[in-house]
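Residues per chain are reported as follows:
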Amino acid sequence: MDEIMDIVTAVSHWAIPALGSAVLVYCSLSLLRHRFPSPDRAYLTEIKSGNVMPLKNWENAVGRSSACDIVANNDSVSRFHGVVARKKKGWTVIDTYSKTGIFVNGRRISSKTILENGDTVSFGGFAYKFGTDD
């Protein structure tokens, strides 16, 4: 019985690290092979100031919090007000249960809404013009 335990211990000293290394190499190669393309170039232009904010990620948080991708520092904007995201059918905006809501072209949205080039999107007291490079 002791001989079997010695063999198992000896094998495990090299087998477990070898297996871990193989899994790490496989995962790394998989990530390199299946790179996701960057989202189509899109941006929000603040109507009052003209500041252009590129949408750099597949999902872009908009809100008052400094953790958001687009920060709108105003009391009428919730900390995490909404999300502008790239989906299969195009860019969408969704309200994340904010107090003042999100408006697209003056109409309050209640569900995920597809954005078109030139749409006006309002988060609380901030209004933006949505645009793409298409």
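The paragraphs below set out a description of the structure included in this document. (Residues numbered from 1 in each chain as written. Predicted model: local features only at pLDDT ≥ 70, side-chain atom pairs only at ≥ 80, totals over all residues. Heavy atoms only, no water.)

1. Observations regarding the overall build of the chain
Our working rule: Where helices and strands are cited, they refer to DSSP runs of H or I of at least four residues and of E of at least two residues respectively, numbered from the N terminus. Computation of the radius of gyration draws on C-alpha atoms alone. For the globule rule, the value is 2.2 Å times the number of residues to the power 0.38. Exposure classes here rest on a 1.4 Å probe applied to the protein chains alone. A residue is buried below 20% of its type maximum, exposed above 50%, and partly exposed in between. By definition, residues are in contact when any of their heavy atoms lie within 4.5 Å. Each accessible area value is a Shrake-Rupley result obtained with a 1.4 Å probe; residue values ignore everything except the protein chains displayed when judging cover.
Each helix and strand in the chain was counted, giving 1 helix and 11 strands. For the chain, the succession of helices and strands along the chain, N to C, is α-β-β-β-β-β-β-β-β-β-β-β. Relative to the globule expectation of 14 Å for 134 residues, the C-alpha radius of gyration of the chain, 24 Å, shows a markedly less compact shape. Looking at the chain as a whole, 34% of its 134 residues are labelled buried. Long-range pairs, those at least 24 residues apart, make up 35% of the contacts in the chain between residues at least 6 apart in sequence. Element-wise, carbon and sulfur atoms account for 58% of the exposed surface of the chain, whose accessible area totals about 9400 Å².

2. Quick look at helix 1 (residues 2–33)
To keep things clear, this is the line we draw: Any helix carries an expected span of 1.5 Å times its number of residues minus one. A residue's bend is simply the angle between two axes: one fitted to the seven residues ending at it, one to the seven starting at it.
An ideal rise of 1.5 Å per residue puts 46 Å on 32 residues; helix 1 measures up with 46 Å between its terminal C-alpha atoms. Along helix 1, the sharpest change in direction is near 35° and occurs at Ser-12.

3. Regarding the packing of aromatic side chains
Counted only if it meets this: Ring pairs are drawn from Phe, Tyr and Trp, using the six-membered ring of Trp, whenever the two centres fall within 6.5 Å, and their geometry is named by plane angle: stacked under 30 degrees, edge-to-face over 60, tilted for the rest.
Across all of its chains, the model carries 3 aromatic pairs by this definition. The rings of Phe-123, Phe-126 and Tyr-128 are connected pair by pair, giving a single aromatic cluster.

4. Topic: unusual backbone geometry
Within the chain, Tyr-97 stands out as a residue other than glycine whose phi angle is a positive 60°. When you line up the elements, Tyr-97 lands in the loop between strand 6 (90–95) and strand 7 (102–104). Of the residues examined, Tyr-97 reaches a relative accessible area of 82% and is grouped as exposed. The phi angle at Asn-105 is positive, at roughly 55°, despite the residue not being glycine. Inspection of the secondary structure puts Asn-105 in the loop between strand 7 and strand 8 (107–108).

5. A short note on the sheet that holds strand 1 (residues 42–46)
Keep this limit in mind: Each pair of strands is called paired provided DSSP finds at least two bridges between the two strands.
Taken together, 6 strands build an open sheet; the order of strands is 2-1-11-10-7-8 and the sheet is antiparallel. The sheet terminates laterally at strand 2 (52–54) and strand 8, the two strands that pair on one side only. Bridge count between strand 1 and strand 11 (residues 126–132): 5 bridges; the pairing is antiparallel. If you follow Glu-46 over to strand 11, its bridge partner there is Tyr-128.

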